Amino acid sequence: MTASAVHPGTLATGLTRRHALFAGFCLCCAPTLGRAAESFTMEEVGPGLFVRKGLIADATPENADAIANIGFLIGRNGVVVTESGGSLADGQWLRAEIVKRTDKPITHVVLTHVHPDHVFGAGAFVQDKPVFIGHAKLTEALSARGEFYRKRLIDLLGEDRTGPVVYPTLSVADTAEIDLGDRRLTFTAHGPAHTTSDLSMIDSGSGLLFPADLLFVNRIPSLDGSLKGWLAEIERLKAMGPARAVPGHGPVAVDLAPALADLSGYLKALRDGTRAAIAQDVPIDKAVTSVAADQRDKWALFDTYNGRNVTVAYQELEWE
Ligand SMILES: [Zn+2]
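First, a word on scope: everything that follows refers to the structure included in this document. The shown structure was predicted, so the numbers you read here are calculated from the model rather than taken from an experiment.

## Some details on the overall build of the chain
Scanning the chain from terminus to terminus reveals eleven helices and 13 strands. Across the 320 residues of the chain, 53% fall into the buried class. Once local pairs closer than 6 in sequence are excluded, the contacts in the chain between residues at least 24 apart make up 67%. A total accessible area of about 13400 Å² is found for the chain, and carbon and sulfur atoms account for 53% of it.

## Focus: helix α11 (residues 302-317)
Taking 1.5 Å as the rise per residue, α11 with 16 residues should run 22 Å; its terminal C-alpha atoms sit 21 Å apart, in good agreement. Here α11 has its buried residues at Phe-302, Tyr-305, Asn-306, Asn-309, Val-310, Ala-313, Tyr-314 and Leu-317. Residues of α11 that are buried make contact with α8 (227-238), α9 (256-279) and α10 (284-290).

## Some remarks on the sheet that holds strand β1 (residues 42-46)
Picture the strands of a sheet paired through backbone hydrogen bonds; they go either parallel or antiparallel. Ordered by their spatial adjacency, seven strands build an open sheet running β1-β2-β3-β4-β5-β6-β7, and the pairing between neighbours is mixed. The sheet is open, and its two borders are formed by β1 and β7 (170-172), each paired with just one other strand. Direction aside, neighbouring strands of the sheet carry axes that sit 25 degrees apart on average. Pairing analysis gives three bridges linking strand β4 (residues 79-83) to strand β5 (residues 106-111), with the strands arranged parallel. Bridge pairing in β5 places Val-80 opposite His-108. Those strands touched by helix α4 (residues 88-101) are β1, β2 (49-52), β3 (70-74), β4 and β5, and its axis lies near 25 degrees from that of β3.

## Overview of the packing of aromatic side chains
Inspection of the entire model under this criterion finds five aromatic pairs. Pairing Phe-50 with Phe-72 gives two aromatic rings, centres 5.1 Å apart and planes at 20 degrees, and the pair type is stacked. Of the two residues, Phe-50 sits in strand β2 while Phe-72 sits in strand β3, which places them 22 residues apart along the sequence. Each member of the pair, Phe-50 as well as Phe-72, carries the same accessibility label: buried. Stacked on the ring of Phe-40, the Lys or Arg Arg-52 has its end atom at 4.3 Å from the ring centre.

## Examining unusual backbone geometry
Phi at Ala-212 takes a positive value of approximately 50 degrees, unusual for a residue other than glycine. Relative to the helices and strands, Ala-212 is located in strand β11 (residues 209-216). Backbone geometry at Leu-301 places phi at a positive 65 degrees, although glycine is not the residue there. With respect to the secondary-structure elements, Leu-301 resides in the loop between α10 and α11. On the basis of relative accessible area, Leu-301 is assigned to the partly exposed category, the value being 24%.

## Topic: the sheet that holds strand β10 (residues 199-203)
Read from one edge of the open sheet, six strands run β8-β9-β10-β11-β12-β13, paired in mixed fashion. Strand pairing shows two members of the sheet lacking a second neighbour, β8 (175-179) and β13 (254-255), which therefore form its edges. The pairing of strand β9 (residues 184-189) with β10 spans five bridges and is classified as antiparallel. Looking at the pairing, Ala-189 lines up with Leu-199 of β10. Set on the sheet, α8 makes contact with β9 and β11; between it and β11 the angle comes to about 155 degrees.

Quick notes on the rules
Residues numbered from 1 in each chain as written. Predicted model: local features only at pLDDT ≥ 70, side-chain atom pairs only at ≥ 80, totals over all residues. Heavy atoms only, no water. Helix = DSSP H or I, 4+ residues; strand = E, 2+ residues; numbered from the N terminus. Buried < 20%, exposed > 50% of the residue type's maximum accessible area, 1.4 Å probe, protein only. Contact = heavy atoms within 4.5 Å. Areas by Shrake-Rupley, 256 points an atom, 1.4 Å probe, with all protein chains shown as cover. Expected span 1.5 Å × (residues − 1). Pairing = 2+ DSSP bridges. Axes fitted to C-alpha atoms, helices over the stretch in contact; angles between N-to-C directions. Phe/Tyr/Trp six-rings, centres within 6.5 Å; stacked < 30°, edge-to-face > 60°. Lys NZ or Arg CZ within 6 Å of the ring centre and 35° of its normal.

On their own, these measurements won't tell you what the molecule is for.
Shown next as structure tokens:
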């Protein structure tokens, strides 16, 4: 019995976890993603390139942190996981989707940055012994935060659905390229922006850019690196060539220019509003409720993240 041959819902109701494990299929993902999985589908957004749209939500026990856009691409020599998922359960769901479509080996897993919704699926692929690709600063970032994120996810999902912290085995300090025989992947390590470990990728097979969380669409961006740096990296992304991109959150593929314009609009409102608050001696606890308020209607989860973004921006801009 393989994961791909059985509908998870059937297993979830018909078998206990113990039965499922004895049958050779870890059922972790079935009840976990049960409700969410019904609405999850892989969309083929380019030749041999599949993406699952993440939920516009925060992690819950029901959604297993399946909130990022994740996926894979199939090359002549193997499969590359472009984003691993937000938990072991999410990664197992993704791995099952891969096995349904190809028997080629999973040779690479991209860890796009330190955030848990993008790296905790990696544990599902350890058995494949792939190369785990990450930014040169990712190991340091995971060392500092990985266990904290893991404990928080365990509180929410339980240990067996959370998975281990997986570290990169190939670090990218500037750029790197992988040749899959019929398509090439070009990686770029970015300066501090969304985080300090943002890695983007261009796939020659589809022509698509994978900026990960350097590009949020519809969901409010979260700032965890450098506001000024992010605005600079947006200019770099514009110059990279692709017209379309797979954002870290939002639709599975978008036109790059208007999506970057919306993102810039928010980040500039955050920058300019924060600078004005600092200039007028408005304290942080007041600034968090006023800065960028005119952006509220444009972004989902605005009230959850905007205040935090203002705090990060304030600390960066206070001493410029
Ligand atoms: Zn992120």
